[in-house]
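The chain contents come next:
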Amino acid sequence: MSLFLRVVFSFTMFGNLFEEDYSTVSNNQYGKGKKLKTKVLEPPAPREFTNLSGIRNQGGTCYLNSLLQTLHFTPEFREAIRIIPLQLQRLFAQLLLLDQEAASTTDLTDSFGWTSNEEMRQHDVQELNRILFSALETSLVGTSGHDLINRLYHGTIVNQIVCKECKNVSERQEDFLDLTVAVKNVSGLEDALWNMYVEEEVFDCDNLYHCGTCDRLVKAAKSAKLRKLPPFLTVSLLRFNFDFVKCERYKETSCYTFPLRINLKPFCEQSELDDLEYTYDLFSVIIHKGGCYGGHYHVYIKDVDHLGNWQFQEEKSKPDVNLKDPQNEEEIDHPLMILKAILLQENNLIPVDQLGQKLLKKIGISWNKKYRKQHGPLRKFLQLHSQIFLLSSDESTVRLLKNGSLQAETDFQSNDQQIFKTPPPESPGLNNSISCPHWFDINDSKVQPIREKDIEQQFQGKESAYMLFYRKSQLQRPPEARANPRYGVPCHLLNEMDAANLELQTKRVECDSANNTFELHLHLGPQYHFFNGALHPVVSQTESVWDLTFDKRKTLGDLRQSIFQLLEFWEGDMVLSVAKLVPAGLHIYQILDGDELTLCETEIADGEDIFVWNGVEVGGVHIQTGIDCEPLLLNVLHLDTSSEGEKCRQVIESPHVFPSNAEVGSVLTALAIPAGVIFINSAGCPGRESWTAIPKEDMRKTFREQGLKNGSSILIRDSHDDNSLLTKEEKWVTTMNEIDWLHVKNLCQLESEEKQVKISATANTVVFDIRIKAIKELKLMKELADNSCLRPIDRNGKLLCPVPDSYTLKEAELKMGSSLGLCLGKAPSSSQLFLFFAMGNNVQPGTEMEIIVEETVSVRDCLKLMLEKSGLQGDAWHLRKMDWCYEAGEPLCEEDATLKELLICSGDTLLLIEGQLPPPGFLKVPIWWYQLQDPSGHWESHQDQTNCTSSWGRVWRAASSQGAPGNEPEEVSLLYLGDIEISEDATLAELKSQALTLSPFLEFGVLSPAHLRAWTVERKCPGRLLRTDRQPLRECKLGRRTEICLEHLQKGEDLGPQDMLLRTQMRIPSERTYTPALDLVWDTAQGRTPGSLRQRVADFYCLPVEKIEIAKYFPEKFEWLPISSWNQQITKRKKKKKQDCLQGAPYYLKDGDTIGVKNLLVDNDDDFSTIRDDIGKEKQKQLALEKRKSREALHEQSSYILSSAETPARPRAPEASLSIHVGSFR
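Residues numbered from 1 in each chain as written. Predicted model: local features only at pLDDT ≥ 70, side-chain atom pairs only at ≥ 80, totals over all residues. Heavy atoms only, no water.

Trainee: Would you mind showing me how to read the sheet that holds strand 46 (residues 888-891) here?
Mentor: The pairing of strands in a sheet happens through backbone hydrogen bonds and is either parallel or antiparallel. As summarised here, the arrangement of the 5 strands in space is 44-43-47-45-46, forming an open sheet in which the pairing is mixed. Among the strands making up the open sheet, the edge pair consists of strand 44 (849-854) and strand 46. Along the sheet, successive strands turn relative to each other by an average axial angle of 45°, direction set aside. Looking at chain direction, strand 45 (residues 877-882) and strand 46 are connected through 2 bridges and run antiparallel. Its bridge partner being in strand 46, M882 is matched across the sheet by A888. Running at roughly 95° to strand 45, helix 21 (residues 859-870) makes contact with strand 43 (832-839), strand 44, strand 45 and strand 47 (909-914) of the sheet. (Pairing = 2+ DSSP bridges. Helix = DSSP H or I, 4+ residues; strand = E, 2+ residues; numbered from the N terminus. Axes fitted to C-alpha atoms, helices over the stretch in contact; angles between N-to-C directions. Contact = heavy atoms within 4.5 Å.)

Trainee: How should the side chain of E855 be read in this particular structure?
Mentor: Checked against the element boundaries, E855 lands in the loop between strand 44 and helix 21. On the basis of relative accessibility, which here comes to 19%, the residue E855 falls in the buried class. Among all residues touching E855, those that are not within four sequence positions of it are S830, S831, Q832, L833, T898, L899 and K900. (Buried < 20%, exposed > 50% of the residue type's maximum accessible area, 1.4 Å probe, protein only.)

Trainee: Explain the packing of helix 3 (residues 86-97) against helix 16 (residues 491-515) here, please?
Mentor: At their nearest, the axes of helix 3 and helix 16 sit 10 Å apart, and the two run at 55° to each other. In terms of orientation, helix 3 and helix 16 fall into the oblique class. Considering how the two elements wind past one another, helix 3 and helix 16 form a crossing that is right-handed. In this structure, helix 3 uses Q89, R90, A93, Q94 and L97 to contact helix 16, whose residues at the interface are H492, L493, L494, E496, M497 and N501. Of the residues that constitute the contact of helix 3 with helix 16, the class distribution is 5 nonpolar, 4 polar and 2 charged. (Parallel < 35°, antiparallel > 145°, perpendicular 65-115°, else oblique. Left-handed = near helix turned anticlockwise from the far one by under 90°. Nonpolar A, V, L, I, M, F, W, Y, C, P; charged D, E, K, R; others polar.)

Trainee: Quick question: what am I supposed to make of a nonpolar patch on the surface here?
Mentor: On the surface, a cluster of nonpolar side chains totalling about 290 Å² of accessible area is made up of W546, L566 and F569. Locating F569 in the fold gives a position in the loop between helix 18 (556-566) and strand 29 (575-582). (Patch = residues over 30% accessible without salt bridge, like charges linked within 9 Å, V, L, I, M, F, W, Y side chains within 5 Å. Areas by Shrake-Rupley, 256 points an atom, 1.4 Å probe, with all protein chains shown as cover. Salt bridge = Lys/Arg side-chain N within 4 Å of Asp/Glu carboxyl O.)

Nothing here speaks to function; it is geometry throughout.
Shown next, in the form of structure tokens:
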């Protein structure tokens, strides 16, 4: 049976992202055809000193982890491991026995049917507790554990009403799995239980009770009692409440106490039994940290079976021992005995590094602090006792010899309990009191011991108790379960966990070995020769390089010895040096000395190149080593020389290698050039940076002192050649790229032979030099040097803000290859702003005016300057800044503020808008009149309304999503009525009342504000529905640019927050048209599903639900999308995950949408469309074709328009709710 239990929670919090391990491939190997090195996946870390395992957070599953840990530390639930679902069995076994810091819940959540979305979304742990128990009960039906949840957690409450007249008792029994208690206005748990199960509610006066026996209204008393108590009592605290005044949720953080031991006898129906029957002990507290819209869960848990090591940081330095006599104490404290015991406990094989960690974990102090002074390093101690311990060949692992193992096994059995474990009756750190409980704070993967008094810190605050778990004090654990994690675990799981521990141990040994080895590339000196300033292989790279994998914990002497063994042919001294591949070849940097040093201490890296040679020469050539003489590969450019010795205008580029400590003048000697001027360009590509000539006095400096690097370029020219890169380029500059030019157009309205020139430049070229060069190349008057500026031209041909002359191209953010316009007028100074401005809201690009003002000018003075320049008069104007959508943004309200204070920058566009701004705290709201039309195109009620439109307003007519598509093309008309000024603190009802004072309303016959429906205006159509008349306008989030349209109602309405207003139209059979629209109010409290909407529409039209079809109308597309009882598949991978909310894709249903209704009893046509839709689609095709032709024509005219348009943003996918698929959870 496949059953879904679905819970939708009210708040979401995203936690940390998944931490997935992937195998990484290193690509920094030397040479081609080399074997790629794969990084070994690290196994999970072992348990920490508490010896308890946490649970990894999958992203937002802290609520799940806290509840699972509580169930795990409920031994009676955990030991029903043969009954509970398989994945839960395996998880509990891992928490008990698997040696890892944190277990994974991936397999468990997969069995729930969860996807990564649910694992990344946090939910309410109280709701999860109920849904998990319900899923468990369902999964256990028909098994031997069918009554597990009922037996452990099920309780009963009885509600009674006692008649004061006849004493008749009317009772009703309720079952519970957890008690939900109030937190608000309650001091603590006992106070809340007293209010619920001791206090009586009296029915008297105006609130009498109808007694069935007396058959009349009488006085009565109502009370509730606990009739049956479960072995485990779960208490849920109502921390989250709703403020009906502020209309928002909040978390109750006041102080709320709860006892460690509670007697429930006063709250029970039967109180004849002994007090122990009613006594419960606290053993788990789930804590929520954060607010009502997000946070984090962790849990305080009492270790009933003493499975963990309850020891605090200040006590870790004390060995956890309990010895009786000094002789025995000295024997047990000896490191030989402790190491033997650890090896026996670890199956007689362990890495040496982990042996020290195990020692620290068991006795609470490291080897170096306790034993190094007397016994030396740990590895040396193992070597000295070779008759007991056997080290591997690489000394990475250690094991016991057989004779030592037999002897140690007896000692271990007799002493191990004293060395490593606290005797059951005693607890370390708290005066060895038998009654001291062991509490731990389990926060996902981390487990820390806490004291019992720390629970009091969770009484109040943002981090406070959220769920309490009590167990009956009479429940006693068997002695054999104490400190025994294997107790009650089935044999097959014991074997599985033992095998998993062995596999983990093997992986940790392999990982340790992999993490401590690296690969070296050995370059053999006899197979190299010195050529062109660097070392190169004689034959091939493959034969000259050997790959060697080596343990980096070994010494340099060990590495040298290993290489000697590999190279049997080697004779004489062997020197190892660190080499590096540079563009010129192989270069030797550092000779390795100190055979006693480990490779880690020599700082040799993984993949290092090691050159093996005699330390003096290679192939008979003395080799210079070190970074000072590192070879540099430089690009040398010089003019070609013909066979007659004459220089042609062709540049030659050739690579040359020079030592870093060589003089720059050696370039002329190497090229056999008697004299010349040397230019350097450190970027390595001519034209990218400015060329710099080297003075004669600097010719003796080295290449490194001149800042040259590999790939740098050097240009050699005759001394009489012009060295300016701003002159017109000659033929020899063959490597110049077109992208190193700027195009300058003549826009000075002066005649010139040239209309456009190309100016070469670099990123550091000053704009002034480019402007002067452009004036010369365009052959314009020299007077323009003092009265002109350069302005960038965007891809649409618009002139942008002038660039200051003092800027470099890099500072001006001008890219190479861009176009500039040479215009009349000076560029603004550093204290001035260049602004565009226009009048009105509808501004076409390129029609703006320009003005230069001081940045310290006020908004009021700037407005006056713009009005004067545009020839406008009057005071009823204000300024708005144009936003990125090319629309009017927020107004500049502070008229005395400077443009600099309002962050107005050069290039911004300001709009002159007619009308004065309202005072601070007030809104100026344009009011429109909105009413649907019937199919004939007339108003439904006031047919003469359009005749008087011109006398008092303007009309917007547009296709509307709220409109009713009829036989003829219908429109929604918005008629402008006027503006009103109203306070932001006023309510929506007051706005309607003030709108009624506008003179056009006298013609409409509106009786009261209650007969008006308010919408916001979006894109000249009704947009968002404003529901609550009592809501202040400030909370409606209207904004300063909001416009309101009002719709006339025949009667008042009161829409709730869950009500959705839809326009429904019945399709007329055989006519492809619809009846006039009717308003339908749909209560979506039970879900926004297609089935719910179909049922509401069927009830509205009094038709059977199976005899109707409905569809949503999309007026912008002229399309109808049928709505059926569908289940949308998200992906093939998530077939079980359904989505049926109409607010999501593809419907996006909202207030005011049009719903078409088809009566299948009289209309069998599958089509919902109308003739108007056909006409509209045809017009859209024509418009799209015209736009396409226009874009192609514009693209041909301008080379700056991009060929591809931007892809529109895709709508966000709707959120999914949480579910547990019981069919898999078995």
